Amino acid sequence: DHQYTVNAYRTLGLVLEDQRRLAEAEKCYRDALDARRKISGENHPDTAALLESLGRVLAGQTKFAQAEQNYREALAIREARLSPQHYDLFTTSIGLGRMLADWAWAERPAIAEIRSVKPEVTKRAQEAELLLRKGLSICEAQPSANLGMVGDIRSRLGSAVLTIAVTDPTLEAGARSSEFTEAEQLLSSGRKMMQQAFSTPSKYKRDVLERLNRLYSAW
């Protein structure tokens, strides 16, 4: 439970996560989080950071319900301690939005079964849309905003809009068509930004191509 041990677990978790060894990264983050809670308590900024890291690798393994719990705990800690404009609060909100968008898409029914969709699937996509739109407006307002980050947020937002288009049974034909059109614009512009940014991870570039494939298959 020493500070240096916690830092070592966290760093190893980051390395394993970068290598997509997510189950091993999850174990490291859990060990670091348990120790951090003993050292610093439930409401420390480092506790929130580890909750967010754990949520990220859980989402990467499609353990969405567990990931949501971690993200919401991290968000609650940061909302209680930080100003609404703080960068750490921004990243946690974006992380929660990304996860909800991925979860909603993963649980959508077949297109032919749109009227039998579970209401919570559309609700997740709608919450993801709100979080990602807010995050995008904050990010784009920064003069030195990272092009790859903006592109990824646009891509994730496009995914949320697409999920709403294929899961919301209350949409009329015209509104549904508008959702598809906006999703295409967001995904295409996000892809272009990520291609221009040197620092964009290759996984994010693959993800946006997959989302474009989803869009055109559904449309």
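Our subject is the structure that appears above.
Definitions and limits used
- Residues numbered from 1 in each chain as written.
- Predicted model: local features only at pLDDT ≥ 70, side-chain atom pairs only at ≥ 80, totals over all residues.
- Heavy atoms only, no water.
- Axes fitted to C-alpha atoms, helices over the stretch in contact; angles between N-to-C directions.
- Helix = DSSP H or I, 4+ residues; strand = E, 2+ residues; numbered from the N terminus.
- Parallel < 35°, antiparallel > 145°, perpendicular 65-115°, else oblique.
- Left-handed = near helix turned anticlockwise from the far one by under 90°.
- Contact = heavy atoms within 4.5 Å.
- Expected span 1.5 Å × (residues − 1).
- Buried < 20%, exposed > 50% of the residue type's maximum accessible area, 1.4 Å probe, protein only.
- Salt bridge = Lys/Arg side-chain N within 4 Å of Asp/Glu carboxyl O.

**Some remarks on the packing of helix 4 (residues 64-81) against helix 5 (residues 87-106)**
- Packing of helix 4 against helix 5 brings their axes to within 10 Å, and their N-to-C directions diverge by 160°. Taken together, the axis directions place helix 4 and helix 5 in an arrangement best described as roughly antiparallel. Seen from above, helix 4 lies across helix 5 with left-handed handedness. Of the residues in helix 5, those touching helix 4 at F64, A65, A67, E68, Y71, R72, A74, L75, R78 and E79 are D88, L89, T91, T92, S93, G95, L96, M99, L100, D102, W103 and A106.

**Observations regarding helix 5**
- When the terminal C-alpha atoms of helix 5 are compared, their 29 Å separation across 20 residues agrees well with the 28 Å that a helix rising 1.5 Å per residue should span.
- Burial runs high along helix 5: 16 of the 20 residues are buried.

**Quick look at unusual backbone geometry**
- With a phi angle near 65°, R20 is a residue other than glycine that sits in the positive phi range.
- Relative to the helices and strands, R20 is located in the loop between helix 1 (3-18) and helix 2 (22-40).
- Take R20: its relative accessible area is 45%, and that puts it in the partly exposed class.
- Notably, T62 is not glycine yet its phi reads approximately 60°, a positive angle.
- Mapped onto the fold, T62 is located in the loop between helix 3 (45-60) and helix 4.
- Of the residues examined, T62 reaches a relative accessible area of 55% and is grouped as exposed.

**Some words on the pattern of salt bridges**
- The final tally for this structure, using the stated rule, is 20 salt bridges.
- With its nearest N and O atoms 2.8 Å apart, the salt bridge here joins E127 to R72. Taken together, the residues E127 in helix 6 (residues 119-140) and R72 in helix 4 connect sequence positions 55 residues apart.
- With a relative accessible area of 28%, E127 lands in the partly exposed category.
- Close ionic contact of E210 with R214 constitutes a salt bridge, the shortest N to O distance being 3.2 Å. With E210 and R214 both in helix 9 (residues 202-218) and four residues apart, the pair spans about one turn of that helix.
- Overall, the relative accessible area of 41% leaves E210 in the partly exposed class.
- In this structure, a network of salt bridges that share partners links the residues R98, D102, D152 and R156.

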